[in-house]
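Chain and residue survey
Spelled out from the first residue to the last, the chains are:
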Amino acid sequence: MKALVLAGGSGTRLRPFSYSMPKQLIPIANRPVLEYVLGNILDLGVTEVGVIVGDRAQEIQQALGDGSRLGARLTYIRQEAPLGLAHTVAIARDFLGDDDFVMYLGDNMLPDGIAGIAEEFAAHRPAAHVVVYKVPDPRAFGVAELGPGGEVLRLVEKPERPRSDLALMGVYFFTAAIHEAVRSIRPSARGELEITDAVQWLVSTGADVRAGQYQGYWKDTGNVEDLLDCNQHVLESLRPALHGEIDGASVLAGPVVVEEGARVVRSRIEGPVIIGAGTVVEDSHIGPHTSIGRACTVTGSRLEYSIALDGASVTGVQGLRSSVIGRSASVGTSGQSTDRYRLVVGDHTRVEVAA
């Protein structure tokens, strides 16, 4: 089996961060989303991975390299324009050959892994096996209608009146039968080759198409709220590790990771919290479910349920909560602030809050 990871999306819902970095590289607990995706794929024993890239190809290649650091062999495949998920299968044809493969959207976080679904696919080996998830409002998704045995009867993309609450969640297992389906469909009204149309073509021609309902945690990290929720969920399983320097006047409670070269001075850290390499936390209170990236500075401040990306600095702000501070961004005050703030600050931006 091979894998096809889609990492070409522009991430409009994650602006301002996606202006300056691909959304698939946004960190969750100080690791890029794409590393979690590749980790789930490697857990299946799959090491040959094609990565679909677009305009941000160079940044993704710099972050992942050839994949050897993670134990994978990566092949980068350029999609010149966003022409649909089925189009990515078409342009990856030479890489995929006639092998079975898993297709995985590169901004999907599934911390519980996909091994169970992969086992279902291997046991029955249908032409296609889609992964679905119960959602309260399926109108924004591709929707699957299933028969009593889990067979797919019909797929509809973003229906006005859904006949099912089972949304396609961006993970698909395919045999080589999908290639004929992709060749047989035409672009949709929005000008894209839809993977739902390709899978529906298989259903309509009598192929065996099945669905597996995912029971674990799932987030499409497409907006700030979901990013923070996912960060909180991942930090819940944090294992303590203290490799940096903690002075005698500091207090650590709960699971805390202090990476090498980081320093905690006269501060209180309430886990789960991760503090990145080279970061300095001084005279501050870091509350739970917070991840602070590498080479950050936090001075005379309090923040919780937040994410600070590499190089960020926070000075004199006592009430940051549910905030995301971009790379090399700076948040400060003209005095000592005790108000509560929820901020979303883009990369390389300076914000001064009222004292």
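Description of the structure in this document. (Residues numbered from 1 in each chain as written. Predicted model: local features only at pLDDT ≥ 70, side-chain atom pairs only at ≥ 80, totals over all residues. Heavy atoms only, no water.)

Focus: the state of the cysteines
Spelled out, the test is: Counting rule for disulfides: a pair of cysteine sulfur atoms within 2.5 Å. For every residue, the accessible area (1.4 Å probe, protein chains only) is compared with the maximum for its type, and the residue is labelled buried under 20%, exposed over 50%, or partly exposed between those bounds.
Going through the model one piece at a time under the given rule, you end up with zero disulfides. Cysteine 296 provides the cysteine sulfur closest to cysteine 230, a residue in no disulfide bond, and the two sulfurs are 19 Å apart. In this structure cysteine 296 comes out as buried when scored by relative accessible area, which is 1%.

Some points on the nonpolar core
This is how the line gets drawn: Nonpolar core, defined: a set of buried Ala, Val, Leu, Ile, Met, Phe, Trp, Tyr and Cys residues in which side-chain atoms within 4.5 Å join the residues together. The numbering of helices and of strands both runs from the N terminus, where a helix is a DSSP run of H or I of at least 4 residues and a strand a run of E of at least 2. Here, residues are in contact when the closest pair of their heavy atoms is within 4.5 Å.
Of all hydrophobic cores here, the largest spans 52 residues; its most connected members are Ile28, Ile41, Val49, Ile114, Phe173 and Tyr214. Where this core is concerned, the elements lending two or more residues are strand S1 (2-7), helix H2 (33-42), strand S4 (48-53), helix H3 (57-64), strand S6 (101-105), helix H6 (115-124), strand S11 (166-174) and helix H9 (224-235). With near-sequence residues (within four places) excluded, tyrosine 214 lies in contact with Leu110, Asp112, Gly113, Ile114, Ile117, Val131, Val132, Tyr133 and Met169. Counting residues in each nonpolar core, the second largest holds 34 residues, with Phe101, Ile178, Leu202 and Val203 among its members.

Looking at the sheet that holds strand S29 (residues 324-325)
Stated precisely, the cut-off is as follows: When DSSP finds two or more bridges between two strands, those strands count as paired. With axes taken as lines fitted to C-alpha atoms, and helix axes fitted only over the stretch in contact, angles between N-to-C directions fall between 0 and 180 degrees.
Taking strand neighbours across the sheet as the criterion, the seven strands line up as S14-S17-S20-S23-S26-S29-S31 in an open arrangement whose pairing is parallel. The open sheet terminates on both sides in strands that have one partner only, identified here as strand S14 (241-242) and strand S31 (344-345). Bridge count between S14 and strand S17 (residues 256-258): two bridges; the pairing is parallel. By the bridge assignment, leucine 242 is partnered in S17 with valine 258. Packed on one face of the sheet, H9 meets strand S20 (273-275), strand S23 (290-292), strand S26 (307-308), S29 and S31 and runs near 95° to S23.

What to know about the sheet that holds strand S28 (residues 320-321)
The strands making up a sheet associate through hydrogen bonds between their backbones, and the pairing can be parallel or antiparallel. Taken in spatial order, the five strands make up an open sheet running S16-S19-S22-S25-S28, and their pairing is parallel. Edge strands, defined here as strands with exactly one partner in the open sheet, are strand S16 (251-253) and S28.

As for the pattern of salt bridges
Going by this rule: When a carboxyl oxygen of Asp or Glu is within 4 Å of a side-chain nitrogen of Lys or Arg, the pair counts as a salt bridge.
Applying the stated criterion across every chain yields a total of 26 salt bridges. Between glutamate 59 and arginine 56 there is a salt bridge whose closest N-O contact spans 2.7 Å. For glutamate 59, a relative accessible area of 26% gives the class partly exposed. Of the residues examined, arginine 56 reaches a relative accessible area of 22% and is grouped as partly exposed. Of the charged contacts, one joins glutamate 304 and arginine 321 as a salt bridge, the two residues approaching to 2.8 Å between their closest N and O atoms. One end of the pair, glutamate 304, is in strand S25 (residues 302-304); the other, arginine 321, is in strand S28, and 17 residues separate them in sequence. Residues joined by salt bridges that share partners form a network here, namely Arg31, Glu35 and Arg69.

So, H6
Rules: The reported arc concerns the directions from the helix axis to the C-beta atoms and nothing else.
Turning to H6, its buried residues number three or more, namely Ile117, Ala118 and Phe121. All buried residues of H6 fall inside an arc of 100° around its axis, so they share one side. The exposed residues of H6 that point more than 90 degrees off its buried face are Glu119, Ala122 and Ala123. Residues of H6 that are buried sit in contact with strand S8 (128-134), S11 and strand S12 (209-213).

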